[in-house]
Amino acid sequence: AAGLAERRGASLLLVAEREGAVVGSVEAFTPEFLRGKQLRFWSASLPLESYVSALATAPSARRSGVGRTLMSRVEAIVWEAGESVLSLQVDELNGPALQLYRGLGYEEVVGRERASTTPSRYGLVSNLLLGGVRERTLLVLQKPRAPPAA
């Protein structure tokens, strides 16, 4: 319960429903929540404001606009709060996610080392749940807030 209390007002969880069933969700953290914390695969040299930690859509809802709608809603909330950058990380092999994020205007942060990780630090978990350990490269993508219309 302490973890949930710490997240109150400092994290955002949105859920998309279709015909009473959850078809997608997105979780994001605010700068207040992130202040003083170290994200598992984040470079300390890179400024971190609001951060999308997870976006998921049900297989039956993929490529139907659910992910785009959820991300657009998170962006609206973040921009309304006055933040200037929204960040996320994505597996470089996740083509559909990269296509979505790039289509929304996210760009890879260049000039930094990419983070490499395995799905779990516990080999047994990776073997049982994920079919084996494989290293993956995470790309950092960021989207700046658009300047106000003149």
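Structural notes on the overall build of the chain
Across its full length, the chain holds five helices and seven strands. In the chain, the succession of α and β elements from N to C terminus is α-β-β-α-β-α-β-α-β-β-α-β. Relative to its full complement of 150 residues, the chain shows a buried share of 37%. Within the chain, contacts between residues at least 6 apart in sequence are counted, and of these 64% link residues at least 24 apart. On the chain, roughly 9500 Å² of surface is accessible, and the fraction owed to carbon and sulfur atoms is 52%.

Considerations on the pairing of strand S4 (residues 85-91)
Sheet faces and side chains relate simply in a regular strand, where the side chains alternate between the two faces. Of all seven residues making up S4, seven are buried, and the element is well covered by its neighbours. For the segment spanning strand S3 (residues 50-57), helix H3 (residues 66-80) and S4, crossover handedness is right-handed.

Let's talk about the packing of aromatic side chains
Under the defined criterion, the tally for this structure stands at one aromatic pair. Seen in terms of ring centroids, Tyr101 and Tyr106 are 6.0 Å apart; in terms of plane orientation they differ by 65 degrees. Their pairing is edge-to-face. Residue classification places Tyr106 among the buried positions, given a relative accessible area of 2%.

Some details on unusual backbone geometry
A positive phi angle is found at Glu19, which is not glycine, with a value near 55 degrees. Given the relative accessible area of 81%, Glu19 is considered exposed. A positive phi angle, near 60 degrees, is found at Arg63, a position not held by glycine. Structurally, Arg63 is set in the loop between S3 and H3.

Things to note about the layout of surface pockets
Computed from the structure, the second largest pocket encloses a volume of approximately 180 Å³. In this structure, the second largest pocket is lined by 13 residues; those nearest its centre are Thr30, Ser50, Ile77, Val78 and Ala81. Residue assignment for the lining of the second largest pocket shows that the elements contributing at least two residues are strand S1 (11-18), strand S2 (21-29), helix H2 (31-34) and H3. Of the residues belonging to the lining of the second largest pocket, the class tally is eight nonpolar, three polar and two charged.

Analysis parameters
Residues numbered from 1 in each chain as written. Predicted model: local features only at pLDDT ≥ 70, side-chain atom pairs only at ≥ 80, totals over all residues. Heavy atoms only, no water. Helix = DSSP H or I, 4+ residues; strand = E, 2+ residues; numbered from the N terminus. Buried < 20%, exposed > 50% of the residue type's maximum accessible area, 1.4 Å probe, protein only. Contact = heavy atoms within 4.5 Å. Areas by Shrake-Rupley, 256 points an atom, 1.4 Å probe, with all protein chains shown as cover. Right-handed = clockwise from strand over helix to strand, strands pointing away. Phe/Tyr/Trp six-rings, centres within 6.5 Å; stacked < 30°, edge-to-face > 60°. 1 Å grid on protein atoms, 1.4 Å probe; cavity = no way out; pocket = protein on both sides within 12 Å on 5 of 7 lines; lining within 4 Å. Points joined across faces, edges and corners; volume = space filled by probe spheres on them. Nonpolar A, V, L, I, M, F, W, Y, C, P; charged D, E, K, R; others polar.

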